[in-house]
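# Secondary and tertiary structure notes
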Amino acid sequence: MALETVSTNKSHGGIQGVYRHHSAETKTDMTFSVFVPPQAEAGAKLPVVWYLSGLTCTHANVTEKGEYRRACAELGLIFVAPDTSPRGPDVPDDEAYDFGQGAGFYLDATQAPFDRNYRMESYITAELPELIAAHFPVDMDRQAITGHSMGGHGALTLALRHPGRYRSVSAFAPIVAPSQVPWGEKALSRYLGPDRAAWRTHDAVALIEDGARIDALLVDHGEADAFLAEQLRPELLEAACAKARIPLTLRRQPGYDHSYYFISTFMADHLHWHAQRLGIAAQQNS
């Protein structure tokens, strides 16, 4: 599987790289970033944390603003940040920021014209992991997943839809019930069609209500997040997890908004939480 190196930089003793390849799933070139910590120099395979970004973002947002490298270098975690959608002049798009390019919602679209390119679930769970395993020292038996906003939705739904794939799951300000909020209703109706039963399989709250399970979950959101009441609805996830007896640590952070100032503040907490569940003994935090 051909991989083009766009850039590499040394950071915290490891290598931060940006890479490009042609995707068979999306039928476009896809760009992603990977941080490989210094522990890789010893030849060992290391656990991986997948980070899924939110609406309008690319790999670059978390790579430049996420402040994850110090913790990953201390803990020995590989950090992979893919794009949020296929991109290009031939890829169907929309004038609005919350649909089309930059807003793939981490699902495989079934409706024309989006079904040709918008295959982000298959890309994230099959094609990209195969590429990463072929080119980086990743222990694929120790995977974790996290994400922000739309990417938090992706982290939750992919973990619930692929049981046993990820040893740990967390999210920053996730869209927990897309079938009940404007962002999600717009995306799910156009990617998946009008049948709301199909939407439930890409809705974390609905998946939990319908029997899907994960071992535990860490979620942070800011109490000053402008999208909290209308789009994020964390209380719905809290209720679903309580009923399903899924251990949920839901942290409401006073004064924080939806931005990377919020994400970067709590990124190390999440990485330590994942490290413990990935079997990393050093510096275990809960």
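A quick note: this is a predicted structure, and the numbers were derived from the prediction, not measured.

### Notes on the overall build of the protein
Within the protein, the regular secondary structure consists of ten helices and nine strands. Scaling as 2.2 N^0.38, a compact globule of 286 residues should have a C-alpha radius of gyration of about 19 Å, and the protein matches this with 18 Å. Considered along the principal axes of its C-alpha atoms, the protein spans approximately 50 × 45 × 35 Å. Counting over 286 residues, the protein shows a buried share of 58%.

### Side note on the packing of aromatic side chains
In the structure shown here, the tally under the stated rule is 15 aromatic pairs. A centroid spacing of 5.0 Å and a plane angle of 85 degrees characterise the contact between Phe 99 and Phe 114, whose relative ring orientation is edge-to-face. Remark: Phe 114 occurs in the loop between β5 (78–81) and α3 (120–135) and Phe 99 occurs in the loop between β5 and α3; sequence separation between them is 15 residues. A relative accessible area of 6% means that Phe 114 is categorised as buried. Aromatic rings pair up to connect Phe 35, Tyr 51, Tyr 68 and Phe 79 into one cluster. Sitting over the ring of Tyr 68, Arg 69 keeps its end group 4.8 Å from the ring centre.

### Quick word on the environment of Lys 45
Within the secondary structure layout, Lys 45 lies in the loop between β3 (29–36) and β4 (46–52). Looking at Lys 45, the relative accessible area reads 56%, which means it is exposed. Residues Lys 45 and Phe 136, spaced 91 residues apart in sequence, show a C-alpha to C-alpha distance of 8.5 Å. Ignoring any residue separated from it by four or fewer positions in sequence, one finds Lys 45 in contact with Pro 137, Val 138, Asp 139 and Arg 142.

### Concerning the pairing of strand β2 (residues 14–22)
Within a regular strand, side chains alternate between the sheet's two faces. Looking at chain direction, strand β1 (residues 4–11) and β2 are connected through seven bridges and run antiparallel. Note that in β2 the partner of Lys 10 across the bridge is Ile 15. Hairpin connection of β2 to β3: six residues between the antiparallel strands, including Lys 27 at a positive phi of 60 degrees.

Cut-off values and rules
- Residues numbered from 1 in each chain as written.
- Predicted model: local features only at pLDDT ≥ 70, side-chain atom pairs only at ≥ 80, totals over all residues.
- Heavy atoms only, no water.
- Helix = DSSP H or I, 4+ residues; strand = E, 2+ residues; numbered from the N terminus.
- Rg over C-alpha atoms; globule rule 2.2 N^0.38 Å.
- Buried < 20%, exposed > 50% of the residue type's maximum accessible area, 1.4 Å probe, protein only.
- Phe/Tyr/Trp six-rings, centres within 6.5 Å; stacked < 30°, edge-to-face > 60°.
- Lys NZ or Arg CZ within 6 Å of the ring centre and 35° of its normal.
- Contact = heavy atoms within 4.5 Å.
- Pairing = 2+ DSSP bridges.

Taken by themselves, the reported measurements are silent on function.
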